[in-house]
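# Fold and contact review
Chain by chain, the residues run as shown.
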Amino acid sequence: MKRLMTLLLALVMLLGMTSFAEDEARPVVTALIATSQLPAETNTILTELCERTGIDFRPTMVENTSYSQKYNTLAAAGTLPDIVAFSGYSQAMELIEHGVLLPLNDLLEEYGQEIIANHGSLLYDNLAVVDGKVYGLINGGGRYNMLMVRQDWLDALGLDVPTTTDEFLEVLRAFTFDDPDGDGEADTLGYAATMQFMATMTCVLSAYGVPYGRPVQADGQVVPYFMHPNYLQAIEFFRTMYQEGLMEPDFITIPNMSCLEKLWNGTYGFYYGDPIGTTNNWFPGRYTEDPKPVMTYTTIENEEGVGCVVKPVYENFIGITSSCKNPEAAMQLLNYITSVEGNQLTYAGIEGVHWAWKEEGSGIVYLDKYADSTAHRDDGGYMYWPCLRMGGMERQILTPVTQYGYALAEEHLLDDAYIFTRPEVDKDITFDSDAMLASLIVSEGDYEAEYKAFIDEYLTNGGSTWIEEATEIYAAEN
Amino acid sequence: MQGYLRQSRRRSIKKMWPYYLMTLPGIAYFLVFHYAPMFGLIIGFKDYSIYTGIFESDWVGLAVFDRLFRLAGFKRALRNTVIISFYKLCTGFPASILIALLLNELRTRAYSKFVQTSLIIPHFVSWVVIYGLLYALLSPNIGIMSVVYKALAPESAVPNLLADKGVFRSLLVITNVWRNAGFASIMYTAAIAGIDPQLYESAQLDGAGRFRQAIHVTLPCIRTTIITMWILRLGSILSVDFEQVLALQNPVVLETGDIIDTFVYRMGLKEAEYSLSTAAGLFKSAIAVIFVVGTNAIVKRIDADSALM
């Protein structure tokens with residue numbers, strides 16, 4: 001008996017060592033990933049990803065708003081993970097100049113065939129390519145924000161989908177005061193807005209041809225969007241909405257999640273955001289009304305008909321850092337995630353566990369508890385670069401209304417004067433345009449005079465130099 | 001003489017070595033967490049990049065400070081910091097003394113303890129939670145105030161006090177007093193407890209009422225404590241409780257509510273401008289040292305016993 005026990009013990013130890021040795025043999029790949037909802041530290045999809053790739057993938061997940069803070073801290077400590085995200089030409093150049101990123105060409109040739117096949121010419125023609133060397137892979141992008149309107153509310157009130165600013169205002173009033181949900185209570189609001197998710201604030205600007213965050217051309221110069229000639233008209237519209245109580249009155253302080261909860265429980269008639277969320281990923285799971293809301297999309301244009309949607313730019317990348325100990329494994333991991341199989345896993349999870357096809361190619365249905373996207377994300381769904389594959393699963397499972405939203409967006413793109421390089425003086429400008437926008441909307445004084453004072457302050461404190469530099473950069477880049 | 005002192009010191013160490021040993025963790029704490037990080041101040045004099053590191057970054061002398069003082073955002077933050085700190089000093093400091101004086105007048109021991117505990121507890125509530133309470137009170141959307149407002153004046157719009165730059169500093173001051181004054185009064189309460197009761201009895205014999213006793217006995221007796229606290233408080237003249245301001249801040253109130261600490265946080269951690277934020281922090285510390293040393297020197301001239309050094 002004693003011998004048997006000893007033998008068993010030895011066997012168990014041997015097995016343990018074998019499994020330990022297997023773990024040891026797996027190359028470790030680390031990454032810093034931003035997300036809107038943190039998943040469980042160990043979750044089914046991450047475990048499955050490690051199993052399928054044979055890589056010990058150890059991502060550090062951070063909230064979107066904390067990403068730059070976490071990244072800067074890690075970079076300053078010299079402990080950047082193997083795979084990092086970066087955005088825009090200036091950051092790409094900074095990272096390349098300091099040797100933070102590895103050129104990926106050789107790795108792509110050897111381990112990145114799925115990426116090469118999927119990204120095509122965009123792989124070698126983007127902001128993160130210098131002298132033919134690829135330093136970053138496009139991660140998502142090509143997204144639009146669109147104005148969702150409650151079709152069921154319009155029908156209930158006998159109204160048409162608004163397309164002009166006047167019609168928009170009329171419908172906003174009806175949605176706020178005419179009980180569109182028919183419950184006899186004044187519990188609806190026209191427009192969802194929160195400063196914590198600035199996209200919700202940009203619809204009105206776009207309606208007046210002001211592309212939020214993008215430089216524009218005015219009087220032969222390149223100026224920031226808030227110096228667009230129509231900016232004050234947009235502010236006037238905002239002020240009407242605010243003063244008449246047609247928009248979220250608490251837009252300055254309401255947390256984004258509270259704003260979304262109000263969207264989901266049927267408080268708002270209009271919501272400006274990416275259709276992939278509004279009418280796709282959140283629908284029907286997160287909407288709590290019974291019956292579920294019927295939604296459609298529209299674009300609002302002022303009398304000049306200037307367009308309504310800010311042009312998307314491929315400016316979000318992921319790259320492999322030069323401190324990466326296993327760049328081959330890192331590339332293999334990214335390559336797998338770009339593959340059809342890997343994309344399905346990182347986007348929706350394990351087929352049969354998290355999701356199932358309705359009919360092949362006609363959308364999916366999330367299974368059991370994973371119909372709740374909170375539970376889905378907690379188990380690792382939509383976490384590990386789910387949009388690295390271009391035209392991947394996300395595009396295959398769009399609902400008809402989401403597809404309509406994107407199609408409409410592509411017909412209504414706004415002109416801007418996008419510049420790739422950040423003007424040198426930009427780092428010395430502490431002017432906060434979001435603060436100005438909010439202040440002008442709620443101002444009880446002469447908002448035009450206040451706007452002029454804001455602009456004077458901006459121009460005096462580096463803004464004039466910014467305009468000169470941006471104009472030169474734009475001329476050089478075009 | 002020197003030999004005698006050395007021998008005496010050695011004897012003292014030999015006798016008191018357990019006590020000296022007990023100070024070691026404290027000394028280590030200060031060395032590791034307070035003195036060693038001071039080396040990092042060198043970043044304020046370098047064109048520091050997170051990628052090149054402290055040693056490899058170029059030395060630029062006072063160029064970073066020059067840039068800092070030219071930034072409109074810093075000037076605004078400095079102005080706001082001084083104003084808010086002044087408001088807090090004028091309210092929070094006397095409020096804690098007043099609370100201690102009033103607590104001293106309570107004669108029922110149980111009730112006194114109850115009031116004191118009630119005043120101290122808010123100090124242990126985090127600013128994030130306090131913001132949640134304020135939001136529940138003042139939100140124009142779901143706040144209790146909006147319910148009252150709509151009932152009393154249904155036609156007028158509910159003001160958003162959380163996003164009113166004219167109200168923001170008052171909110172900071174009120175919440176600061178609510179949260180901290182009770183806790184800060186502990187020092188004075190302890191000092192008051194040490195006053196000789198005979199002084200009160202003498203005052204009573206001289207016909208002094210409660211108010212006179214407080215003015216002529218209590219306050220003079222705790223004068224040294226008040227002055228010490230005053231000097232220490234001036235040392236943090238440019239520290240306006242970062243967590244409080246960050247929790248309550250929003251874009252609209254930046255004009256009146258952006259302080260040096262939030263400016264440093266934004267520039268340092270979010271924009272990776274470490275040199276700039278280090279320079280701002282160093283400037284703040286230098287001002288604090290000047291205030292402490294200056295105030296102490298003045299106190300020393302007036303009343304040498306009350307000075308710190």
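Here the structure is a predicted model, which is why all the values come from computation and not from measurement. (Residues numbered from 1 in each chain as written. Chains lettered and ligands numbered in written order. Predicted model: local features only at pLDDT ≥ 70, side-chain atom pairs only at ≥ 80, totals over all residues.)

## A few points about the overall build of chain A
In terms of regular secondary structure, chain A is built from 19 helices and 15 strands. Its C-alpha atoms give chain A a radius of gyration of 25 Å, near enough to 23 Å, the size a compact globule of 478 residues would have. Seen through its principal axes, chain A has C-alpha atoms that stretch 90 × 55 × 35 Å. Taking all 478 residues of chain A together, the buried fraction comes to 43%. Long-range contacts, defined as pairs at least 24 residues apart, comprise 77% of the intrachain contacts of chain A with a sequence gap of at least 6. (Helix = DSSP H or I, 4+ residues; strand = E, 2+ residues; numbered from the N terminus. Rg over C-alpha atoms; globule rule 2.2 N^0.38 Å. Buried ≥ 20, exposed ≤ 12 C-beta atoms within 10 Å, placed from the backbone. Contact = placed C-beta atoms within 7 Å.)

## Regarding the overall build of chain B
Along the backbone of chain B there are 15 helices and two strands. What you see for chain B is a C-alpha radius of gyration of 25 Å, clearly larger than the 19 Å of a compact globule of 309 residues, by over 25%. Seen along its three principal axes, the alpha-carbon backbone of chain B occupies a region of about 70 × 60 × 35 Å. Every one of the 309 residues in chain B was classed for burial, and the buried ones make up 26%. If you take every contact in chain B between residues at least 6 apart in sequence, the share linking residues at least 24 apart comes to 66%.

## Regarding the interface of chain B and chain A
The interface of chain B with chain A comprises 25 residues on the first partner and 25 residues on the second. Looking at the side of chain B that touches chain A, the elements with two or more residues in it are helix H4 (72-105) and helix H14 (260-270) of chain B. Grouping the amino acids of the side of chain B that touches chain A by side-chain chemistry returns 15 nonpolar, seven polar and three charged. (Nonpolar A, V, L, I, M, F, W, Y, C, P; charged D, E, K, R; others polar.)

## Side note on the nonpolar core
Grouped together as the largest cluster of nonpolar side chains are 101 residues, with contacts concentrated most on A:Leu147, A:Tyr191, A:Ala234 and A:Phe270. Non-local contacts of A:Phe270, meaning those with residues more than four positions away in its chain, are made with A:Leu147, A:Met148, A:Val149, A:Gly190, A:Tyr191 and A:Ala192. By size, the runner-up hydrophobic cluster in this structure holds 61 residues, among which are A:Val84, A:Ile96, A:Ile320 and B:Ile50. (Core = buried A, V, L, I, M, F, W, Y, C linked by C-beta atoms within 7 Å.)

## A word on helix H14 (residues 340-347) of chain A
Residues and elements named next belong to chain A. H14 sits mainly inside the fold: six of its eight residues count as buried. Among the residues of H14, those classed as buried are Gly-342, Asn-343, Gln-344, Leu-345, Thr-346 and Tyr-347. Those residues of H14 that are buried lie in contact with helix H2 (44-53), helix H13 (327-338) and helix H16 (393-396). A positive backbone phi angle near 110° is found at Gly-349, which sits one or two residues after H14.

## Description of the pairing of strand E3 (residues 83-87) of chain A
All names here are of chain A. For E3, the buried fraction is high: four of the five residues fall into the buried class. Inspection of the sheet shows E3 paired to strand E13 (residues 316-320) by five bridges, in the antiparallel sense. Opposite Ser-87, over in E13, you have Asn-316 as the bridge partner. (Pairing = 2+ DSSP bridges.)

## Focus on the packing of H13(A) against H14(A)
Residue and element names in this part refer to chain A. For the pair H13 and H14, interaxial distance at closest approach is 4 Å and the crossing angle is 85°. Considering their axes alone, H13 and H14 lie roughly perpendicular with respect to each other. Contact residues: Tyr-336, Ile-337 and Thr-338 in H13; Gly-342, Asn-343 and Thr-346 in H14. Partitioned by chemical class, the residues of the contact of H13 with H14 number two nonpolar, four polar and no charged. (Axes fitted to C-alpha atoms, helices over the stretch in contact; angles between N-to-C directions. Parallel < 35°, antiparallel > 145°, perpendicular 65-115°, else oblique.)

## Looking at the sheet that holds strand E8 (residues 189-191) of chain A
All names here are of chain A. Across the sheet, which stays open at both edges, the four strands sit in the order E8-E11-E7-E12 with mixed pairing between neighbours. Of all the strands in the sheet, the pair left with one neighbour each is E8 and strand E12 (295-298). With strand direction ignored, the average angle separating the axes of adjacent strands in the sheet is 25°. Pairing of E8 with strand E11 (residues 268-273) involves two bridges; the strand directions are parallel. Across the sheet, the residue bridging to Leu-189 is Tyr-268, located in E11.

## Topic: the domain arrangement of chain A
If you check the domain split of chain A, you get domain 1 (24-141 + 314-387) and domain 2 (146-311). One C-alpha centre belongs to domain 1 of chain A, the other to domain 2 of chain A, and the line joining them spans 32 Å. (Domains from an automatic or database assignment.)

## As for the pairing of strand E1 (residues 28-35) of chain A
Residue and element names in this part refer to chain A. Taken together, the eight bridges between E1 and strand E2 (residues 56-63) define a ladder with parallel strand orientation. In the strand pairing of E2, Ala-31 is matched with Pro-59. With H2 bridging E1 and the parallel E2, this β-α-β connection has right-handed handedness. (Right-handed = clockwise from strand over helix to strand, strands pointing away.)

## Quick notes on unusual backbone geometry
All names here are of chain A. Cis geometry is found at the peptide bond from Phe-283 to Pro-284, where omega equals 0°. Note that Pro-284 resides in the loop between helix H12 (275-281) and E12. Of the consecutive residues Asp-290 and Pro-291, the connecting peptide bond is found in the cis state with omega at 5°. Within the fold, Pro-291 resides in the loop between H12 and E12. Backbone geometry places Asp-219, a non-glycine residue, at a positive phi of 55°. Turning to its location among the elements, Asp-219 is positioned in the loop between strand E9 (216-218) and strand E10 (221-223). Even without being a glycine, Asp-368 presents a positive backbone phi close to 45°. Turning to its location among the elements, Asp-368 is positioned in the loop between strand E15 (364-366) and helix H15 (373-378). Residue Asp-368 is classed as exposed on the basis of its C-beta count, with 9 C-beta atoms lying within 10 Å.

## Here's the deal with helix H17 (residues 400-410) of chain A
All names here are of chain A. Buried within H17 are the following residues: Thr-402, Gly-405 and Ala-409. Here the buried residues of H17 occupy an arc of 55° about the axis, which is enough to place them on one side. Exposed side of H17, more than 90 degrees from the buried face: Pro-400, Ala-407 and Glu-410 are the residues found there. (Arc of directions from axis to C-beta.)

## Some points on the confidence of the model for chain B
Residue and element names in this part refer to chain B. Overall, the predicted model of chain B reaches an average pLDDT of 89, with 99% of residues at or above 70. Per-element mean pLDDT across chain B ranges from 80 in H14 up to 95 in helix H8 (residues 168-193). Here the predicted complex scores 0.78 on pTM and 0.74 on ipTM. (pLDDT = per-residue confidence, 0-100.)

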